[in-house]
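These are the residues of each chain, in order.
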Amino acid sequence: MANNRGYPHFRRFLSRRQYILTTALFTISAFVFSIFLLLYGFAPKEDDILKDDTRLEEPQQSQSVQQQVSDENLWGASLSHGLHPCIKPTVRHKAAQGSDHYITVRSNGGLNQMRTGISDMVAVAHIMNATLVIPQLDKRSFWQDTSTFSDIFDELHFITTLQDDVRIVKALPKELESIPRARKHFTSWSGMGYYEEMARLWKDYQVIHVAKSDSRLANNDLPLDIQRLRCRALYRALRFSPSIESLGKKLVERLRSHSGRYIALHLRYEKDMLSFTGCTYGLTEAESEELRIMRENTNHWKVKKINSTEQRVGGFCPLTPKEVGIFLESLGYPPITTIYIASGEIYGGEARLSELKSRFPNIISKV
Ligand SMILES: *[C@@H]1O[C@H](CO)[C@@H](O)[C@H](O)[C@H]1NC(C)=O
Ligand SMILES: *[C@@H]1O[C@H](CO)[C@@H](O)[C@H](O)[C@H]1NC(C)=O
């Protein structure tokens, strides 16, 4: 159940969508990086971090940084910078249409990407005046997670929270199960006009099946109320199921009782990520080859030939464990800091993790 498994679909847009790709992969590979930039407004030049390992490794430099950063700056609550939640509908927001048109959807990608995709599908169902059937989750990704929607999310909460916005049902009505459906891959990054156009399908079909959830509605000049609906879906309606909530609380309690403060690090340095992105910097020849073969054999990863150097220079690679260590140290976190590894198995295992451990020995993972 790790994040961001659906990245293959970015690749097709590599040339056309450089900007979006950069933003997306940046989020994937350096989630913690962006959090810290946000929290502390401390922005080391990318060059310093990525290209000039040797200079950053000089201990004097990081130690001098360490002395300057106060505890409050490292751990205190960040300023909101005037940002505030923006999820209330305006007076112009239209209510859910009691529609007998249905949208079924198979979500794709990792958990994080599916959450965004599901929120987009809520908005799409609203735009198209359709009833949304509880989405299926991706069961074919690298992680082979067989969980259903209700295993992960609080289904009833999802349905009732959005009841004024869109009608959501657990399953298609029996009588519609076997009728022909329109099968669509909605074009990613489309605007309102596209979905209004798609609503013409209702002339011929009562059910539209959407094979992927990566509509990627953000930043397409959507009306304010659609953006707010996406936020309501994402931040209010999609709540984890009670069993996951309680497990999460237990983990946090244990971490807190262990050390009080800790950093949860989504170190996205996992086999599938490196294979898919072709990022082999610092890996052995044998490892690079293993990743190349994996990419070759994964049908839904369309880009096979990747120049690792260019990927890295272009900023499309996750930070290595070592780089994350350098980064956190430079921010001023002391070596005793507890770091919880939130991601899956790190490629290269203990040996590679030791490059982070040498700076931060208190590393805890769930395995
Ligand atoms: C949805 O329904 C509303 C109100 O009935 C209508 O004005 C609008 O055109 C419909 N939208 C689509 C995409 O069919
Ligand atoms: C990869 O790209 C770099 C920089 O553009 C270039 O110097 C190198 O020769 C390329 N490697 C291969 C194997 O094509």
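- By the naming in an unreviewed UniProt entry, the protein chain goes by O-fucosyltransferase family protein and is assigned to Populus deltoides.
- Of the protein chain, the UniProt comment under Pathway (unreviewed entry) reads exactly: "Glycan metabolism."
- Per UniProt, the comment on the protein chain under Subcellular location (unreviewed entry) is "Membrane".

Quick notes on the sheet that holds strand β2 (residues 131–133)
Moving on, step 1. Spatially, β3-β2-β1-β5-β4 is the arrangement adopted by the 5 strands of the open sheet, whose pairing is parallel. The outermost strands of the open sheet, each flanked by one partner alone, are β3 (168–169) and β4 (182–184).
Moving on, step 2. Taken together, the 3 bridges between β4 and strand β5 (residues 207–210) define a ladder with parallel strand orientation. Within the sheet, the bridge partner assigned to K184 lies in β5 and is V210.
Moving on, step 3. Across the sheet, helix α8 (residues 111–127) lies against β1 (102–105), β2 and β5, angled at about 160° from β1, the strand it touches most.

Digging into the side chain of T338
Moving on, step 1. Relative to the assigned elements, T338 resides in strand β7 (residues 338–341).
Moving on, step 2. Discounting chain neighbours no more than four positions away, the residues touching T338 are H258, S259, R261, Y262, I263, N362 and I364.

Details of helix α15 (residues 285–297)
Moving on, step 1. A rise of 1.5 Å per residue sets the reference length of α15, with its 13 residues, at 18 Å; its end C-alpha atoms lie 18 Å apart and thus fit the reference within 8%.
Moving on, step 2. When we look at burial in α15, the residues that qualify are E287, L291, M294 and R295. Along the axis of α15, the buried positions cluster into a sector of 100°, meaning they face one direction only. Seen from the open side of α15, the exposed residues pointing more than 90 degrees away from its buried face are E285, A286 and N297.
Moving on, step 3. Among the structural elements, α14 (271–277) and α18 (349–357) are those in contact with the buried residues of α15.

A few points about the state of the cysteines
Any covalent bond linking the sulfur atoms of two cysteines counts as a disulfide.
Moving on, step 1. What the rule picks out here adds up to 1 disulfide.
Moving on, step 2. The disulfide partner of C279 is C317, and the gap between their sulfur atoms is 2.0 Å. In this structure the cystine formed by C279 and C317 twists about its S-S bond by roughly -90°; its chirality is therefore left-handed. Here C279 is found in the loop between α14 and α15, whereas its partner C317 is found in the loop between α16 (308–313) and α17 (321–331), with 38 residues between them in sequence.
Moving on, step 3. Summary of cysteine pairing: C86 is not part of a disulfide, and the nearest cysteine sulfur, belonging to C231, is at 7.0 Å.
Moving on, step 4. Residue C86 is classed as partly exposed on the basis of its relative accessible area, which comes to 32%.

Reading the values: the criteria
Residues numbered from 1 in each chain as written. Chains lettered and ligands numbered in written order. Predicted model: local features only at pLDDT ≥ 70, side-chain atom pairs only at ≥ 80, totals over all residues. Heavy atoms only, no water. UniProt positions renumbered as here; feature names shortened; annotations may be inferred. Pairing = 2+ DSSP bridges. Helix = DSSP H or I, 4+ residues; strand = E, 2+ residues; numbered from the N terminus. Contact = heavy atoms within 4.5 Å. Axes fitted to C-alpha atoms, helices over the stretch in contact; angles between N-to-C directions. Expected span 1.5 Å × (residues − 1). Buried < 20%, exposed > 50% of the residue type's maximum accessible area, 1.4 Å probe, protein only. Arc of directions from axis to C-beta. Disulfide = S-S within 2.5 Å.

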